[in-house]
Amino acid sequence: MFKHIAPYAGDPILTLNESFGRDPRAHKINLSIGIYFDDAGRLPVMAAVREAETAMLQNIAARPYQPMEGAANYRAAAQHLLFGAQHEAVTSGRIATVQTIGGSGALKVGGDFLQRFFPASQVWVSDPTWDNHRAMFEGAGFAVQTYPYYDAATGGLKFSEMLAAFGALPEQSIVLLHACCHNPTGVDLSAAQWAELIPVIRARRLIPYVDIAYQGFGDGIDEDACALRALADAGITFFCASSFSKSFSLYGERCGALSVVCPDAAQAELVLGQLRATVRKNYSSPPTHGGQIVARVLQTPALRAQWAAELGAMRQRIHTMRSRLHAVLSAKLPGRNVDHFLTQRGMFSYTGLTPAQADRLREAHAVYVLRSGRMCVAGLNSSNVEATAVAMAAVLAAQA
């Protein structure tokens, strides 16, 4: 019956992670998958999360289905974290938010909604972007194009080319943007560049779709949301897919949200109704447990402060790893500029490695990075950062 079905080639990230698991070498280092590990190389359980979940388990109650849009306290907590509790868009009720199955669920629900109501639009993603962005929107029925973004020569941003591309897009084009900690490059727009881009978005009547999966890992919780707040301040209607997987270390709980900032509360109510319908057609309603952990942490002042401090320590550890990697590479490769490891933000960096060099790094040194050259800096720790830098320097020097 199924002989005509083509085999699945596999996801490049998850497949590489599986290959790492099968590698028998004791000194292997996994910098492929986007997961934050602590300095001992373990997936952390945050103390604020542990305390919130422990308190919840003292009062185990019935578990009915949630509403299609999810729990009200979770949705409010997500809005407040993204936009600030006192932001006009929040207090005026012009944001429609639904709880989703992770950030991917937010992208899926938003993609399906847009395909229904803006079927003539096309989606534009950064070159490069997270692989699943293209898959998600193509799966929703959109043609997906790219706009200029990463400059391989400098390890920075092609901002003037990006700005020109946005200025030439058809009206109601959907533009996928990363709020912070760009995946896969770690290259972000500055606040000044956002201020220059937003008027172009408004003038061309584009539909921004902002992905924020790493809030708190770049410059700070509020700082990393500055693009969202600037778009809302400018009166732009836009979509935002958010995730708590990394910031709460709750990967398997699949805690996400889709927020649509609308012109007014009446339109937000219309959008929320159709988002409910979209959720119903996808998975009917979201799960309860992980979302309630997030809501309890964010809505309990002491726990929120504890969580923010823990997240700050995670962010600082990544900064430290970037600095140590940069120091060793600079010493091993004199005359080569590796400053991009310091200027790129968040969990990821584009190393500048070619696919052949990434293969060599894996085969000869047991250091796993994606063939695109993306590495997860959060996989580095005080025990493996020097070995990683030495191996990377050897590969770069040999194939320069």
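Criteria and cut-off values
Residues numbered from 1 in each chain as written. Predicted model: local features only at pLDDT ≥ 70, side-chain atom pairs only at ≥ 80, totals over all residues. Heavy atoms only, no water. Helix = DSSP H or I, 4+ residues; strand = E, 2+ residues; numbered from the N terminus. Rg over C-alpha atoms; globule rule 2.2 N^0.38 Å. Buried < 20%, exposed > 50% of the residue type's maximum accessible area, 1.4 Å probe, protein only. Contact = heavy atoms within 4.5 Å. Lys, Arg positive; Asp, Glu negative; His and termini not counted. Charge placed at Lys NZ, Arg CZ, Asp CG, Glu CD. Axes fitted to C-alpha atoms, helices over the stretch in contact; angles between N-to-C directions. Parallel < 35°, antiparallel > 145°, perpendicular 65-115°, else oblique. Left-handed = near helix turned anticlockwise from the far one by under 90°. Nonpolar A, V, L, I, M, F, W, Y, C, P; charged D, E, K, R; others polar. Phe/Tyr/Trp six-rings, centres within 6.5 Å; stacked < 30°, edge-to-face > 60°. Lys NZ or Arg CZ within 6 Å of the ring centre and 35° of its normal. Pairing = 2+ DSSP bridges. Right-handed = clockwise from strand over helix to strand, strands pointing away.

K.L.:
Honestly, the overall build of the protein chain in this entry has me stumped. Any pointers?
P.N.:
Secondary structure summary: the protein chain contains 15 helices and 13 strands in total. Taken over C-alpha atoms, the radius of gyration comes to 21 Å for the protein chain, in line with the 21 Å a tight globule of 400 residues would show. Principal-axis analysis of the C-alpha atoms places the extent of the protein chain at approximately 60 × 55 × 55 Å. With 400 residues in all, the protein chain has 54% of them scored as buried. Across the protein chain, the fraction of contacts at a sequence separation of at least 24, relative to all contacts at a separation of at least 6, is 76%. Taken as two groups, the 35 positive and 32 negative side-chain charges of the protein chain have centres that lie 5 Å from each other.

K.L.:
I keep staring at the packing of helix α2 (residues 47-56) against helix α11 (residues 289-299) and nothing clicks. Help me out?
P.N.:
What describes two packed helices is the angle between their axes and the distance between those same axes. Contact pair α2 / α11: the axes reach a minimum separation of 9 Å and the direction vectors enclose 115 degrees. As summarised for this structure, α2 and α11 are arranged roughly perpendicular, according to the angle between their axes. Classified by chirality, the crossing of α11 by α2 is right-handed. Together, Ala48, Val49, Ala52, Glu53, Ala55 and Met56 of α2 and His289, Gln292, Ile293, Arg296 and Val297 of α11 make up the contact between the two elements. Looking at the contact of α2 with α11, its residues break down into seven nonpolar, two polar and two charged.

K.L.:
So what exactly am I meant to see when it comes to the packing of aromatic side chains here?
P.N.:
We describe a pair of aromatic rings using the distance from one ring centre to the other and the angle between the two ring planes. According to the stated counting rule, one finds 15 aromatic pairs in the structure shown. Ring centres of phenylalanine 137 and tyrosine 209 lie 5.4 Å apart, and the angle between their planes is 80 degrees; this geometry places the pair in the edge-to-face category. Placement of phenylalanine 137 in helix α6 (residues 131-139) and of tyrosine 209 in strand β8 (residues 207-212) is noted, with a sequence separation of 72 residues between them. On the basis of relative accessible area, phenylalanine 137 is assigned to the buried category, the value being 1%. You can call tyrosine 209 buried: its relative accessible area is 0%. Pairing tyrosine 214 with phenylalanine 348 gives two aromatic rings, centres 5.5 Å apart and planes at 90 degrees, and the pair type is edge-to-face. Highlighted residues: tyrosine 214 in the loop between β8 and α9 (226-233) and phenylalanine 348 in strand β11 (residues 348-350), separated in sequence by 134 residues. Phenylalanine 348 matches tyrosine 214 in its accessibility class, with the two residues each being buried. Site record: aromatic cluster; members linked through ring pairs are Phe113, Phe117, Phe137, Phe142, Tyr209 and Phe239. The aromatic ring of phenylalanine 20 is capped on one face by lysine 28, whose charged end is 4.6 Å from the ring centroid.

K.L.:
What exactly am I supposed to notice about α11 here?
P.N.:
What sets the pattern is the α-helix's 3.6 residues per turn: residues three or four places apart point alike. Along α11, the residues classified as buried are Gly290, Gly291, Ile293, Val294, Ala295, Val297 and Leu298. Considering only its buried residues, α11 is in contact with α2, α3 (72-83), β2 (95-101), β10 (255-261) and α12 (301-332).

K.L.:
Would you mind showing me how to read the pairing of strand β3 (residues 123-127) here?
P.N.:
In summary, the side chains of a regular strand alternate between the two faces of the sheet. Among the five residues in β3, four count as buried, and that is most of the element. Two strands pair when backbone bridges link them, and β3 and strand β4 (residues 144-148) are joined in this way by five bridges, in the parallel orientation. Note on β4: the bridge partner recorded for aspartate 127 is proline 148. Tracing the backbone out of β3, into α6 and back to the parallel element β4 gives a crossover that is right-handed. Sheet topology note: the β3/strand β7 (residues 174-178) ladder contains two bridges and is parallel. Along β7, the bridge assignment pairs valine 123 with isoleucine 174.

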